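Each chain is listed here by its residues.
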Amino acid sequence: MHKTRLEAFSDGVLAIILTIMVLELKVPHGANFAALWPLVPVFLSYVLSFVYVGIYWNNHHHLLSGTRQVSGGVLWANLHLLFWLSLIPFATGWMGENHFAPATLAVYGGILLGSAVAYAILQNCIIAVNGGPTSPLARAVGRDWKGKLSPVLYLVGIAGSFWLPWLAGACYVFVALMWLVPDRRIERTLLTTPQD
């Protein structure tokens, strides 16, 4: 099977996710800057979630650029990832509307954790179908320290959300910043490795 439909479908779902999130930003009832103040938590949660969805879109694109073929398992693993990402607008709205209350931070972290695990499963499925551990894609992914550290930080954030909500927020922002720095592993490896 070819990857074209998987890429197109994924791009469409991610575009819808971003659209749903922006529709949650309500117009204030006032014509001055003070009317914007109550929307700050909603806007901050939107920005963080926009960054996360953008990171997943970017990494998904890079992952598929090193993919020659997909299997039924890859399709299901991709749907699993899209399921978790589709929950981000709900958690974003809930967290922003409730000013980062502990339960909302924990649920947001749980969705981020689910997304990270789903991405790792997708990555492993794609590598298995495209040559296994000796494939150029497997070499590009390497030890994937960011992929291993992220779930640990999400768990710290989830646990800390009830005692130190600022710690949960700091963990989620730190992971986003960590992934926001461009990672050129796949580009570098695939550019230096002849493709079929």
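First, a word on what this report is: a plain description of the structure on this page. (Residues numbered from 1 in each chain as written. Predicted model: local features only at pLDDT ≥ 70, side-chain atom pairs only at ≥ 80, totals over all residues. Heavy atoms only, no water.)

## Here's the deal with the packing of aromatic side chains
Next, step 1: Taken as a whole and assessed by the stated rule, the structure comprises nine aromatic pairs.
Next, step 2: With 5.9 Å between their ring centres and 65 degrees between their planes, Tyr56 and Tyr119 make a pair best called edge-to-face. With Tyr56 in helix α2 (residues 40–65) and Tyr119 in helix α5 (residues 102–129), this pair connects stretches of sequence that are 63 residues apart.
Next, step 3: For Tyr56, a relative accessible area of 9% translates into the label buried.
Next, step 4: The class of Tyr119 is buried, set by a relative accessible area of 12%.
Next, step 5: With 6.4 Å between their ring centres and 75 degrees between their planes, Phe162 and Trp163 make a pair best called edge-to-face. (Phe/Tyr/Trp six-rings, centres within 6.5 Å; stacked < 30°, edge-to-face > 60°. Helix = DSSP H or I, 4+ residues; strand = E, 2+ residues; numbered from the N terminus. Buried < 20%, exposed > 50% of the residue type's maximum accessible area, 1.4 Å probe, protein only.)

## Focus on the packing of helix α3 (residues 72–86) against α5
The axes of two packed helices give the description: the angle between them and the distance between them.
Next, step 1: Contact pair α3 / α5: the axes reach a minimum separation of 8 Å and the direction vectors enclose 165 degrees. When the axes of α3 and α5 are compared, the pair comes out roughly antiparallel. Crossing handedness for the pair α3 and α5: left-handed. Listed contacts from α5 to Gly73, Val74, Ala77, Asn78, His80, Leu81, Trp84 and Leu85 of α3 are Gly110, Ile111, Gly114, Ser115, Ala118, Tyr119, Ile121, Leu122, Cys125, Ile126 and Val129.
Next, step 2: Here the contact of α3 with α5 is composed, by residue class, of 13 nonpolar, six polar and no charged. (Axes fitted to C-alpha atoms, helices over the stretch in contact; angles between N-to-C directions. Parallel < 35°, antiparallel > 145°, perpendicular 65-115°, else oblique. Left-handed = near helix turned anticlockwise from the far one by under 90°. Contact = heavy atoms within 4.5 Å. Nonpolar A, V, L, I, M, F, W, Y, C, P; charged D, E, K, R; others polar.)

## Comments concerning the nonpolar core
Next, step 1: By size, the foremost hydrophobic cluster in this structure holds 47 residues, and its most contacted members are Tyr52, Tyr108, Tyr154 and Tyr172.
Next, step 2: Secondary structure elements with two or more residues in this core: α1 (4–23), α2, α3, α4 (88–97), α5, α6 (136–141), α7 (145–160) and α8 (165–180).
Next, step 3: For this core, the leading source of residues is α5, giving eleven residues.
Next, step 4: Those residues in contact with Tyr172 that lie beyond four places of it in its chain are Leu48, Tyr52, Leu105, Ala106, Tyr108, Gly109, Leu112, Tyr154, Gly157 and Ile158. (Core = buried A, V, L, I, M, F, W, Y, C linked by side-chain atoms within 4.5 Å.)

## With respect to the packing of α1 against α2
Next, step 1: In contact at an axis separation of 10 Å, α1 and α2 are set at 175 degrees when each is read in the N-to-C sense. Taken as axis vectors, α1 and α2 run roughly antiparallel relative to one another. For the pair α1 and α2, the contacting residues are Leu6, Glu7, Ser10, Asp11, Leu14, Ile17, Leu18, Met21 and Val22 in the first and Tyr46, Ser49, Phe50, Val53, Trp57, His60 and Leu64 in the second.
Next, step 2: Across the contact of α1 with α2, the residue classes tally to eleven nonpolar, three polar and two charged.

## Side note on the side chain of Thr104
Next, step 1: Locating Thr104 in the fold gives a position in helix α5.
Next, step 2: On the basis of relative accessibility, which here comes to 2%, the residue Thr104 falls in the buried class.
Next, step 3: Apart from residues no more than four positions distant in its own chain, Thr104 is found in contact with Trp94, Met95 and Asn98.

## Side note on unusual backbone geometry
Trans peptide bonds make up most of the peptide bonds, and negative phi angles are found at most residues other than glycine.
Next, step 1: In this structure, His99 is a non-glycine residue whose phi angle is positive, near 50 degrees.
Next, step 2: Mapped onto the elements of the fold, His99 is located in the loop between α4 and α5.
Next, step 3: Overall, the relative accessible area of 52% leaves His99 in the exposed class.
Next, step 4: Positioned with a positive phi, Asp144 is a non-glycine residue whose angle comes to about 50 degrees.
Next, step 5: Its place among the elements puts Asp144 in the loop between α6 and α7.

## Regarding α4
Next, step 1: Judged by how many residues are buried, α4 sits mostly within the fold: seven of ten residues are covered.
Next, step 2: Turning to α4, its buried residues number three or more, namely Ile88, Pro89, Ala91, Thr92, Gly93, Met95 and Gly96.
Next, step 3: Those residues of α4 that are buried lie in contact with α1, α2, α3 and α5.

Purely spatial values, then, with no claim about function.
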